[in-house]
Amino acid sequence: MDFKELDLSQELLSAVEELGFTEMTEIQQESIPLILEGKDVIGRSNTGTGKTAAFGLPAVQSITDADGRSAAVLILCPTRELAMQAYEEIRKFAKYKRSVKPCAVYGGASMERQILQLKRGANIVIGTPGRVMDHLRRRTLKTESLRMVILDEADEMLNMGFREDIEAILSEVPEERQTVLFSATMPPEIMALTKKYQRDPVLVKIKSPQKTVESVAQFSFEVAMGRKTDALKLLLAAYSPSSAMVFCNTKKMVDELTEELVKSGFRAAGLHGDMKQAQRTQVMNSFKAKSTAILVATDVAARGIDVSGVDAVFNYDLPQDNEYYIHRIGRTGRAGREGAAYTLVTGRRQLYVLKDIARYTKAEIREMPLPQKAEILAMKKKALAQEIAEVQEQPSQAAYDILDELEKQGISPREAAARLLSGRISAEMISLPEFDIPRPIRKGRRDGANTVKLDLNIGRSKRIAPNFILGALADATGMSGRDFGKIDIFDEHTTVEVPESECAYILDVSDSMKINGYPVTVKLWTGPSSKDRHQKPFKRERPDRKRSAYGSRGRREVYQDYTRSRKKRPKNKH
Ligand code: ADP
Ligand code: MG
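Conventions adopted
- Residues numbered from 1 in each chain as written.
- Chains lettered and ligands numbered in written order.
- Predicted model: local features only at pLDDT ≥ 70, side-chain atom pairs only at ≥ 80, totals over all residues.
- Heavy atoms only, no water.
- Helix = DSSP H or I, 4+ residues; strand = E, 2+ residues; numbered from the N terminus.
- Buried < 20%, exposed > 50% of the residue type's maximum accessible area, 1.4 Å probe, protein only.
- Contact = heavy atoms within 4.5 Å.
- Areas by Shrake-Rupley, 256 points an atom, 1.4 Å probe, with all protein chains shown as cover.
- Polar contact = N/O pair within 3.5 Å; in protein donor to acceptor, adjacent residues only side chain to side chain.
- Near = heavy atom within 4 Å.
- Nonpolar A, V, L, I, M, F, W, Y, C, P; charged D, E, K, R; others polar.
- Pairing = 2+ DSSP bridges.
- Axes fitted to C-alpha atoms, helices over the stretch in contact; angles between N-to-C directions.
- Salt bridge = Lys/Arg side-chain N within 4 Å of Asp/Glu carboxyl O.
- Parallel < 35°, antiparallel > 145°, perpendicular 65-115°, else oblique.
- Left-handed = near helix turned anticlockwise from the far one by under 90°.
- pLDDT = per-residue confidence, 0-100.

Caption draft 1: Molecular detail of the overall build of the chain. When its secondary structure is counted, the chain shows 22 helices and 21 strands. Evaluated residue by residue, the chain yields a buried proportion of 48% over its 574 residues. Relative to all contacts within the chain whose residues are 6 or more apart in sequence, the contacts with residues 24 or more apart total 75%. As presented, the chain carries roughly 29,600 Å² of accessible surface, and 50% of it is formed by carbon and sulfur atoms.

Take a look at the structure:
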């Protein structure tokens with residue numbers, strides 16, 4: 001559906017056209033007509049689907065000359081960056097509509113200037129809940145004339161602890177108003193909010209069949225503990241992105257990593273919530289202008305940030321939430337461009353977390369070895385050769401003069417060029433960390449690795465079968481059933497063969513495991529007790545390689561074998 005089909009004024013349609021929007025996104029198509037009609041709307045859709053325009057266009061459309069200088073629309077956003085971004089976009093929509101007077105209010109920026117702006121008159125106010133509350137208390141922002149309130153990224157605002165502020169604001173706004181709420185998720189707290197403050201809201205839910213961003217190629221690298229910074233430097237050197245975002249889980253890590261990257265000569269800058277607003281704005285502008293190549297950020301600081309032309313996203317720390325992974329990699333591959341996401345993984349546990357992310361996002365995340373220095377050198381050589389081959393301009397006379405001069409000193413043009421090139425190469429290769437030749441990562445049971453036995457304090461007396469044990473273990477560890485070996489079920493306990501390399505990990509993650517509702521303790525098996533000797537264990541033969549090559553069908557047959565053999569088993573005589 002084209003924007004032209006909407007009931008929007010010509011002023012807005014021209015602005016939209018200038019922005020290069022032609023087709024509406026799904027959420028826009030569904031929600032803009034409803035909001036224009038005056039309905040309360042709950043909009044749910046993923047990041048990057050154009051929600052700002054979905055509420056921004058109707059907001060701008062609703063402003064008339066009669067609004068003058070009093071606040072008619074209030075837009076609440078979780079972070080300063082998002083408020084600024086929404087403000088910028090609203091300004092663009094209102095380019096040809098003089099009656100619209102937007103104003104952004106957020107913490108960390110000069111209060112006086114905001115007060116001045118509000119005094120001069122603003123009919124669309126965009127702000128963070130905390131600062132909006134501030135202005136309400138000072139009566140520098142008045143609610144009497146508000147007729148539309150928009151909550152953008154409502155779930156994130158609640159996550160950030162803005163609930164009280166939001167409720168205080170909403171209860172001050174005249175009841176005769178339109179309330180529009182956008183959120184990526186719909187937890188019960190959001191539903192409670194909509195119930196309390198919206199009137200007959202219409203739910204607009206855009207299903208995303210593919211969770212992940214298709215245009216982003218995704219890779220992971222297993223890195224030894226304590227070597228993530230080196231690995232990141234290596235990857236940055238190998239791929240030399242002209243614009244990249246690096247995500248860390250803590251503000252402290254953002255600071256440390258930024259400092260380390262800058263020290264190594266990368267054009268990097270950090271972004272997180274503890275920074276002064278002026279500094280944050282400066283960092284964002286420099287990143288948008290591509291003078292900062294690498295933006296190191298926390299999830300919250302970077303949430304929803306829309307910068308075009310980001311080539312790559314690096315997950316320095318694994319995201320704490322599957323949704324965050326999607327948000328992060330959604331910063332690249334925007335607007336039909338290709339992007340890449342690189343995730344660093346340390347330790348086996350994180351490998352399983354990443355597997356879970358891949359499952360959740362339905363993405364293929366390819367495991368890759370870290371590039372070798374020699375490979376990077378080869379890439380640089382090729383790139384440099386190409387760069388020189390593609391030079392269009394005629395070299396200057398001054399350059400030839402220098403070569404002539406050098407030749408008189410016995411330095412040939414070939415030698416001179418080599419000296420220049422070697423300077424370029426060593427500048428780019430210097431301080432590249434060394435990594436050992438990568439070894440294959442996974443040493444599962446299938447590869448003939450050593451095995452040990454674990455002992456679970458649950459047995460036949462609790463009516464369990466091998467697949468219960470396998471299922472619980474696979475669940476707790478994220479490993480595949482095939483990674484486990486022989487299972488022997490005794491009356492009161494069970495032993496399971498596991499790869500030695502996984503043993504510590506399995507013990508670590510299986511502490512709150514339940515099987516058939518019974519809490520189970522897992523320990524290293526120290527040999528049979530006297531009671532066991534008289535019992536014939538219940539044997540689970542491992543599917544052999546040929547068999548497991550048939551995939552799950554082969555395995556299901558094995559399970560059926562258990563059931564059959566269990567039925568045939570004579571009752572225990574002890
Ligand atoms: P969200 O808030 O859902 O994460 P944004 O509103 O930030 O998404 O929009 C993401 C990007 O898509 C922005 O750069 C925006 O200008 C652009 N955009 C929005 N709507 C359209 C459209 N209909 N056609 C093309 N680009 C659009
Ligand atoms: Mg948004």
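Caption draft 2: Geometry of the environment of Arg-69. Inspection of the secondary structure assignment puts Arg-69 in the loop between helix H3 (51-62) and strand S2 (73-76). Residue classification places Arg-69 among the exposed residues on the basis of a relative accessible area of 54%. As a C-alpha pair, Arg-69 and Pro-102 span 33 residues in sequence and 10.0 Å in three-dimensional space. There is a polar contact of 2.6 Å between the side chain of Arg-69 and the backbone oxygen of Arg-120.

Caption draft 3: Structural context of the site of ligand 1. Around ligand 1, 16 residues are found, and the nearest of them are Glu-23, Gln-28, Gly-48, Thr-52 and Asp-306. Within the side chain of Gln-28, one N or O atom sits 2.8 Å away from a nitrogen atom of ligand 1. For ligand 1, an oxygen atom lies 3.1 Å from a polar atom in the backbone of Gly-50. Out of a free accessible area of 560 Å², ligand 1 has 79% covered by protein chains. Tallied by class, the residues present in the shell around ligand 1 amount to three nonpolar, eight polar and five charged.

Caption draft 4: The sheet that holds strand S5 (residues 148-151), seen in detail. Read from one edge of the open sheet, seven strands run S3-S4-S2-S5-S6-S1-S7, paired in parallel fashion. At either end of the open sheet lies a strand with only one pairing partner, and these are strand S3 (102-105) and strand S7 (202-205). Across the sheet, the axes of successive neighbouring strands diverge by a mean angle of 15 degrees, strand direction being ignored. Looking at chain direction, S5 and strand S6 (residues 178-183) are connected through four bridges and run parallel. If you follow Met-148 over to S6, its bridge partner there is Gln-178. Relative to the sheet, helix H2 (residues 26-37) contacts strand S1 (41-44), S5, S6 and S7, its axis offset from that of S6 by approximately 165 degrees. Across the sheet, helix H5 (residues 111-120) lies against S3 and strand S4 (124-127), angled at about 155 degrees from S3, the strand it touches most.

Caption draft 5: A look at the pattern of salt bridges. In total, this model carries 21 salt bridges according to the counting rule given. With a closest N to O distance of 3.4 Å, Arg-359 and Asp-356 form a salt bridge. In this pair, Arg-359 and Asp-356 both sit in helix H15 (residues 347-361), three residues apart, roughly one turn of the helix. Take Arg-359: its relative accessible area is 53%, and that puts it in the exposed class. In this structure Asp-356 comes out as partly exposed when scored by relative accessible area, which is 33%. One connected set of salt bridges, linked through shared partners, spans Arg-163, Glu-167 and Lys-196.

Caption draft 6: Structural context of the packing of H3 against helix H4 (residues 80-93). It is the contact of H3 with H4, at a shortest axis distance of 10 Å, that shows an interaxial angle of 50 degrees. The orientation of H3 with respect to H4, classified from their angle, is oblique. Both H3 and H4 take part in a crossing whose hand is right-handed. Residue-level inspection shows Thr-52, Ala-53, Gly-56, Leu-57 and Val-60 of H3 in contact with H4, the latter providing Ala-86, Glu-89, Ile-90 and Phe-93. In the contact of H3 with H4, the residues fall into six nonpolar, two polar and one charged.

Caption draft 7: Quick look at the sheet that holds strand S12 (residues 312-315). Within the open sheet, the seven strands sit side by side as S10-S11-S9-S12-S13-S8-S14. Their pairing is parallel. At either end of the open sheet lies a strand with only one pairing partner, and these are strand S10 (268-271) and strand S14 (365-368). In this sheet, neighbouring strand axes are inclined to one another by 20 degrees on average, regardless of whether the strands run parallel or antiparallel. Note that strand S8 (residues 216-222) and S14 share four bridges and pair parallel. For Ser-220, the partnering residue across the bridge sits in S14 and is Glu-367. Those strands touched by H15 are S8, strand S13 (339-345) and S14, and its axis lies near 145 degrees from that of S13.

Caption draft 8: Expanded view of the confidence of the model for the chain. When pLDDT is averaged along the chain, the result is 84; 87% of the residues meet or exceed 70. Counting contacts from residues 437-445, a segment whose pLDDT is below 50, to residues more than four positions away or on other chains yields 25 contacts. Long-range and interchain partners of residues 541-574, a stretch whose pLDDT sits below 50, account for 35 contacts in this model, where long-range means more than four residues apart.

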